[in-house]
Amino acid sequence: MQPIDLDRAARSLPKNSLLRIRRGGGQTVMVVSGLVWITQDGDPRDIFLGEGELLTLDSPQMTIVQALADTRLLVFAPPGATQAVIAASAST
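Not measured: the values here are computed from a predicted model.

Considering unusual backbone geometry
- With phi around 75 degrees, N16 is a residue other than glycine that occupies positive phi space.
- Judged by its relative accessible area of 38%, N16 falls in the partly exposed class.
- Despite not being glycine, R23 has its phi angle at roughly 50 degrees, a positive value.
- Here R23 is to be found in the loop between β2 (17-21) and β3 (28-33).
- Residue class for R23 comes out exposed when judged on its relative accessible area of 51%.

Brief notes about the pairing of strand β7 (residues 63-67)
- Counting buried residues in β7 gives four out of five residues, a clear majority hidden from the surface.
- Direction of pairing for β2 relative to β7: antiparallel, over a ladder of four bridges. Across the sheet, the residue bridging to I21 is T63, located in β7.
- Sheet topology note: the strand β4 (residues 35-40)/β7 ladder contains five bridges and is antiparallel. Bridge assignment links Q40 to a residue of β7, and that residue is T63.

Thoughts on the nonpolar core
- I38, L49 and V65 are the most contacted members of the largest nonpolar core, which totals 15 residues.
- Counting only elements with at least two residues in this core, the list comes to β2, β3, β4, β5 (47-50), β7 and β8 (71-76).

Brief notes about the sheet that holds β8
- The antiparallel open sheet is built from four strands, whose spatial order is β1-β8-β3-β6. Sheet topology places β1 (11-13) and β6 (54-56) at the edges, where each strand pairs with a single neighbour. Each adjacent strand pair in this sheet contributes to an overall mean axis angle of 25 degrees, direction not counted.
- Judged from the three bridges that link them, β3 and β6 form a sheet pairing that is antiparallel. Each bridged residue has a counterpart across the sheet, and for T28 the counterpart in β6 is T56.

Criteria and cut-off values
Within each chain, residue numbers correspond to sequence positions counted from 1 in written order. Local features are withheld for residues below a pLDDT of 70 in this predicted model, meaning they are given only at 70 or higher, and side-chain atom pairs are given and counted only at 80 or more; totals for whole chains, interfaces and linings count all residues. Neither water nor hydrogens contribute to the side-chain values; these are computed over all heavy atoms in the structure. Per-residue accessibility, obtained with a 1.4 Å probe over protein chains only, is compared with the maximum for each type, and a residue is labelled buried under 20%, exposed over 50%, and partly exposed between these values. Helix and strand assignments follow DSSP, with helices taken as H or I runs no shorter than four residues and strands as E runs no shorter than two, numbered in order from the N terminus. At least two bridges found by DSSP between two strands are what make those strands a pair. Nonpolar cores were defined as sets of buried Ala, Val, Leu, Ile, Met, Phe, Trp, Tyr and Cys residues, with membership established by side-chain atoms within 4.5 Å. All axes are obtained by fitting lines to C-alpha atoms, using only the stretch in contact for helices, and the reported angles, taken between N-to-C directions, cover 0 to 180 degrees.

None of this, on its own, says anything about what the molecule does.
Structure (structure tokens):
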């Protein structure tokens with residue numbers, strides 16, 4: 001079995017860009033490098049993740065991830081689940 005190269009599997013988010021995750025409950029966001037701000041629809045918390053940190057999303061609603069610096073991150077879906085990541089876009 002080949003080891004997974006996590007850095008090659010990671011998505012790049014330029015500073016100020018957004019990543020939308022639909023139906024995010026159970027998915028895990030892991031920051032390989034950089035810094036992100038995460039907000040989950042209906043959740044009043046502001047969550048900040050830096051290099052090496054991760055968060056398992058608990059809201060079944062839309063989640064927004066904003067890169068506060070050039071960032072590389074991974075989004076893992078739980079076994080058997082369909083990943084619902086919407087393409088990253090530039091923030092306006």
